[in-house]
Amino acid sequence: MDNRQAIGSWLSGPRAAAEDMGVELGYRGEGLGLPESGPGSIAPIGRRLGALLIDWGLCLLVSYALLSGGKAQATGNWALAVFFVLSVLTVGTVGCTPGKLALKLRVISASGGRLGLPRVVLRSVLLLIVIPAVVWDRDTRGLHDRLSNSVQIQI
């Protein structure tokens with residue numbers, strides 16, 4: 001492999017480099033037994049980010065209007081607390097937050113059932129830390145989903 005191929009594989013990422021070497025990785029979610037597309041398949045990254053922005057906007061609105069006393073500086077801190085409560089209550093009961101519901105996404109266990117309360121709390125705490133959420137595997141599941149044994153799917 002010459003330097004141009006090495007740099008090209010670095011720029012295109014490990015998946016493209018592995019596929020160039022002949023490794024068959026399959027589609028996202030194949031290892032989890034999920035369909036390639038449609039309902040039940042891995043949720044696209046864009047819709048997951050959109051759902052997160054909707055949820056964060058709702059949390060900012062609630063924290064600014066009800067908890068921070070109209071102080072913009074305190075709003076962000078309260079929004080984290082509201083986001084945690086929103087995530088635990090909604091994902092723990094119906095499997096999706098308002099933003100996920102609006103964009104037709106759901107969080108389920110990797111084995112196909114609902115998440116239990118301890119795993120929902122773990123997932124929510126890791127999501128608040130942010131770093132685990134931006135470290136993905138080949139199925140584009142964040143570390144917060146892997147550690148809580150969950151997956152976000154389309155409904």
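Each remark here, short or long, concerns the structure printed above.
Residues numbered from 1 in each chain as written. Predicted model: local features only at pLDDT ≥ 70, side-chain atom pairs only at ≥ 80, totals over all residues. Heavy atoms only, no water.

With that settled, consider the nonpolar core. The biggest cluster of nonpolar side chains holds seven residues, and these are C59, A79, V82, F83, L86, L127 and A133. Beyond its immediate chain neighbours, meaning those up to four positions away, L127 contacts F83, A133 and H144. (Core = buried A, V, L, I, M, F, W, Y, C linked by side-chain atoms within 4.5 Å. Buried < 20%, exposed > 50% of the residue type's maximum accessible area, 1.4 Å probe, protein only. Contact = heavy atoms within 4.5 Å.)

Turning our attention to the packing of aromatic side chains. Within the structure shown, the criterion is met by one aromatic pair. Ring centres of W56 and F83 lie 6.1 Å apart, and the angle between their planes is 65°; on these two criteria the pair is classed as edge-to-face. Residue W56 is found in helix 3 (residues 45–67), and its partner F83 is found in helix 4 (residues 72–93); the two are separated by 27 residues along the sequence. Judged by its relative accessible area of 29%, W56 falls in the partly exposed class. Given a relative accessible area of 6%, F83 falls into the buried group. (Phe/Tyr/Trp six-rings, centres within 6.5 Å; stacked < 30°, edge-to-face > 60°. Helix = DSSP H or I, 4+ residues; strand = E, 2+ residues; numbered from the N terminus.)

If you check the backbone angles, T140 has positive phi at about 60° while not being a glycine. Along the chain, T140 falls in the loop between helix 7 (131–134) and helix 8 (143–147). In the Ramachandran plot, N149 falls in the positive-phi region, its phi being about 55° despite a non-glycine side chain. On the secondary structure map, N149 appears in the loop between helix 8 and strand 2 (150–154).

So, on to a nonpolar patch on the surface. Together, L122, V125, I129, V130, I131, V134, V135, L143 and L147 line one region of the surface with nonpolar side chains, adding up to about 760 Å² of accessible area. Among the elements of the structure, helix 6 (117–129), helix 7 and helix 8 are those that each provide at least two residues to the nonpolar patch. Per-element accounting of the nonpolar patch gives the leading share, three residues, to helix 6. If you trace the backbone, V125 turns up in helix 6. On the basis of relative accessible area, V125 is assigned to the partly exposed category, the value being 36%. (Patch = residues over 30% accessible without salt bridge, like charges linked within 9 Å, V, L, I, M, F, W, Y side chains within 5 Å. Areas by Shrake-Rupley, 256 points an atom, 1.4 Å probe, with all protein chains shown as cover. Salt bridge = Lys/Arg side-chain N within 4 Å of Asp/Glu carboxyl O.)

Two quantities define a packed helix pair, namely the angle between the helix axes and the distance between the axes. Across the interface, helix 3 lies against helix 4 with an axial gap of 7 Å and an inter-helix angle of 120°. Put simply, helix 3 runs oblique to helix 4. Note on packing geometry: the crossing formed by helix 3 with helix 4 is right-handed. Here L52, D55, W56, C59, L60, V62, S63, Y64 and L67 of helix 3 come into contact with helix 4, specifically with A72, T75, G76, W78, A79, L80, V82, F83 and L86. Classifying every residue of the contact of helix 3 with helix 4 by side-chain character gives 14 nonpolar, three polar and one charged. (Axes fitted to C-alpha atoms, helices over the stretch in contact; angles between N-to-C directions. Parallel < 35°, antiparallel > 145°, perpendicular 65-115°, else oblique. Left-handed = near helix turned anticlockwise from the far one by under 90°. Nonpolar A, V, L, I, M, F, W, Y, C, P; charged D, E, K, R; others polar.)

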